[in-house]
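Geometric and topological summary
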Amino acid sequence: MEPRSVAIVGAAETTELGRIPGLSQIQLHADAALNAMADCGLKPSDIDGVATAGEAPAGIAHYLGITPTWVDGTSVGGCSFMLHVRHAAAAINEGLCEVALVTHGESGRSRVGRGGFAGAPASLAGQYEAPYGLSGPPSMFTLGVLRYMKETGMTHEQLASVSVVQREWAALNPRSTFKDPITVDDVLNSRMIAYPFRLLQCCLVTDGGGALILVSKERARDFPTKPVYILGTGESVETPMISQMEDMTTSRAFRVAGSRAFEEAGITHDDVDHVMIYDAFAHLPIYGLEDLGFVGRGEAGAFIEARNTAPGGPLPVNTNGGGLSYMHSGMYGMYALQESVRQMRGTAPAQVPDAKISVCHGVGGMFMASGTIIMTNE
Amino acid sequence: MADDYKGPVPVPTPETQDFWDGAKRGELRLQRCDEDDCDDVIFPARSFCPCCGSRSVSNFTASGRGKLYSYVINHRPPPGFGPEPHAIAIVELDEGPRMMTNIIDCEQTPEALVLDMPVEVAFTPITDEISLPKFRPAGG
């Protein structure tokens, strides 16, 4: 990085050190963070970048009331925070955020609220979500959809059409897990998993992997493959607890990441030829199309039902068949990226003719996190 | 009831202890920011306001009333919660915050579980120390 281009302006430790049985681990992070903010006269709302280890950056951001445009959860042991500082400097230089907060807190002796991974009995999710009879993502990720349907009027048939359209794309892809055509009735008659979601509205569970290699624009000329350039990027997190989303009918993390990526790319939605929206469940493309701004509030169900995202439609979405029909290993984002790269190289099984710009949008956790990458072949 | 419960048991932290002490007494406890220009209602509990960053917040007993905001009906209940399908619900409290819960004293069907219906808190003891806030149709 450019020498002297970034400075540390606020710094503090927790109010007490030693034995602190009165504070949980996440509260130690918060105490140190609030002290550092007080040190330089900032409030949580002034901060737009969060890096931490030991706790999840989404947990820290939500606990403190921060809406980040940059997060870093690099966790490589005790030196993680040195790496965070370095990454933060790069992020600030690159304009990914303006005010980065790096936090540490550890109840190493008193062990209060330690092990803050979702579901640990002393974590917030362990206290306020786990005791209500959850069966993983199918019973949680889907929790806002009845609310969405009431507020927008989306029908069960429109939601089912997401699975139908993606199966059509999957049929064009020899590597898809499922290729046989399905109808809206097939979807609505499949086994109930967590009302209103049925089996064919839930992603596959498969094995697989993927990898990407990036180099500078200059170096890219030395490679035999057609370069796929990163045109715009965005990221954010909201909350690790789905019950605590600001609004369960729209994802704040989607909106923040998506608008950042479009702004950075300097494009409008009309410029986009191809879209991938991580579809762990059938409502994800609905939320994604609206939160990324491709359609207005409440319009996505009818938009998909009217075949706008289907083969031959004006806005091809999830052209590999998606998590609903292609594959889903658990962390599907890599496969969405791979399909965007194939589309930009012109090598996709269901190639979109003359596609020049691809928007690839991922979700992390259950609307906990989001990342948007816009690619181009020009 | 407590002997029947086989699910995860919350472990309070210093910040959430007041909530769970209240639940044991049959009170739903929330927090409010003490700053005049903020007045944010906070849930889950923490010792500062995530809206304005103030460290001055107060615990109070909420009305226990709210409305059914959204839900799913889990047809694959985990061990200890089955075998019948049951609703996992989000209730929006009159004070503003939303919380995950179950709806009791009510058929677990889309016909009976109507969005925006008024609900009221009802505590279910699961151990000697922990009672879970659940909700039932108001006046039911």
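Nothing here was measured: the structure is a model prediction, and the numbers come from that model. (Residues numbered from 1 in each chain as written. Chains lettered and ligands numbered in written order. Predicted model: local features only at pLDDT ≥ 70, side-chain atom pairs only at ≥ 80, totals over all residues. Heavy atoms only, no water.)

We now examine the overall build of chain B. The helix and strand inventory of chain B stands at one helix and eight strands. In chain B, the succession of helices and strands from N to C terminus is α-β-β-β-β-β-β-β-β. Scaling as 2.2 N^0.38, a compact globule of 140 residues should have a C-alpha radius of gyration of about 14 Å, and chain B matches this with 16 Å. Considered along the principal axes of its C-alpha atoms, chain B spans approximately 45 × 30 × 25 Å. Evaluated residue by residue, chain B yields a buried proportion of 51% over its 140 residues. Taking all contacts inside chain B whose residues are at least 6 apart in sequence as the whole, residues at least 24 apart take part in 50%. If you average the places of the 13 positive and of the 23 negative side-chain charges in chain B, the two averages end up 3 Å apart. (Helix = DSSP H or I, 4+ residues; strand = E, 2+ residues; numbered from the N terminus. Rg over C-alpha atoms; globule rule 2.2 N^0.38 Å. Buried < 20%, exposed > 50% of the residue type's maximum accessible area, 1.4 Å probe, protein only. Contact = heavy atoms within 4.5 Å. Lys, Arg positive; Asp, Glu negative; His and termini not counted. Charge placed at Lys NZ, Arg CZ, Asp CG, Glu CD.)

Residue and element names in this part refer to chain A. Structurally, chain A comprises domain 1 (25-132) and domain 2 (139-376). Summarising the inter-unit geometry, the C-alpha centres of domain 1 and domain 2 are found 28 Å apart. Residue-level contacts link 18 residues of domain 1 with 17 residues of domain 2. Summed over both sides, the interface of domain 1 with domain 2 buries roughly 1,400 Å², with 59% coming from carbon and sulfur. Scanning the region where domain 1 abuts domain 2 turns up zero salt bridges. Secondary structure elements with two or more residues in the side of domain 1 that touches domain 2: helix 2 (57-64), strand 2 (70-72) and helix 4 (124-128). Here the side of domain 1 that touches domain 2 takes five residues from helix 2, the largest share from any one element. Among the residues forming the side of domain 1 that touches domain 2, the class breakdown is twelve nonpolar, five polar and one charged. (Domains from an automatic or database assignment. Buried area = accessible area lost by both parts, 1.4 Å probe. Salt bridge = Lys/Arg side-chain N within 4 Å of Asp/Glu carboxyl O. Nonpolar A, V, L, I, M, F, W, Y, C, P; charged D, E, K, R; others polar.)

In this assembly, 49 residues from chain B lie in contact with 55 residues from chain A. When chain B packs against chain A, the two sides together hide about 4,200 Å² of surface, and 58% of this comes from carbon and sulfur. It is Arg55, Arg76 and Met100 of chain B that lose the most area in chain B upon contact with chain A, and together they represent 16% of the buried surface on that side. Linking chain B to chain A there are three salt bridges. Between chain B and chain A we count 29 residue pairs in polar contact (both at pLDDT 80 or more) in total. At the level of secondary structure, the elements contributing two or more residues to the side of chain B that touches chain A comprise helix 1 (17-25), strand 4 (65-74), strand 5 (86-93), strand 6 (98-101) and strand 8 (131-137) of chain B. Top element by residues in the side of chain B that touches chain A is strand 4 of chain B. It accounts for eight residues. Of the residues in the side of chain B that touches chain A, the class split is 31 nonpolar, ten polar and eight charged. Both strand 4 (residues 192-195) of chain A and strand 4 of chain B contribute to a ladder of two bridges, which runs antiparallel. Across the sheet, the residue bridging to Tyr195 of chain A is Ile73 of chain B, located in strand 4 of chain B. (Polar contact = N/O pair within 3.5 Å; in protein donor to acceptor, adjacent residues only side chain to side chain. Pairing = 2+ DSSP bridges.)

A few words now on a negative patch on the surface. Residue and element names in this part refer to chain A. A surface patch of like charges, here negative, comprises Glu157, Asp185, Asp186 and Glu305. Mapped onto the elements of the fold, Asp185 is located in helix 7 (residues 184-189). Judged by its relative accessible area of 54%, Asp185 falls in the exposed class. (Patch = residues over 30% accessible without salt bridge, like charges linked within 9 Å, V, L, I, M, F, W, Y side chains within 5 Å. Areas by Shrake-Rupley, 256 points an atom, 1.4 Å probe, with all protein chains shown as cover.)

Take unusual backbone geometry next. In this structure, the amide linkage connecting Tyr195 of chain A to the following residue, Pro196 of chain A, adopts the cis form with an omega of 10 degrees. Inspection of the secondary structure puts Pro196 of chain A in the loop between strand 4 and strand 5 (197-198). Following Gly82 of chain B, the chain continues into Pro83 of chain B via a peptide bond in cis, with omega recorded as 0 degrees. Of note in the backbone geometry, Phe367 of chain A takes a positive phi value of approximately 60 degrees without being a glycine. The residue Phe367 of chain A is located in the loop between strand 8 (357-364) and strand 9 (369-376) in this model.

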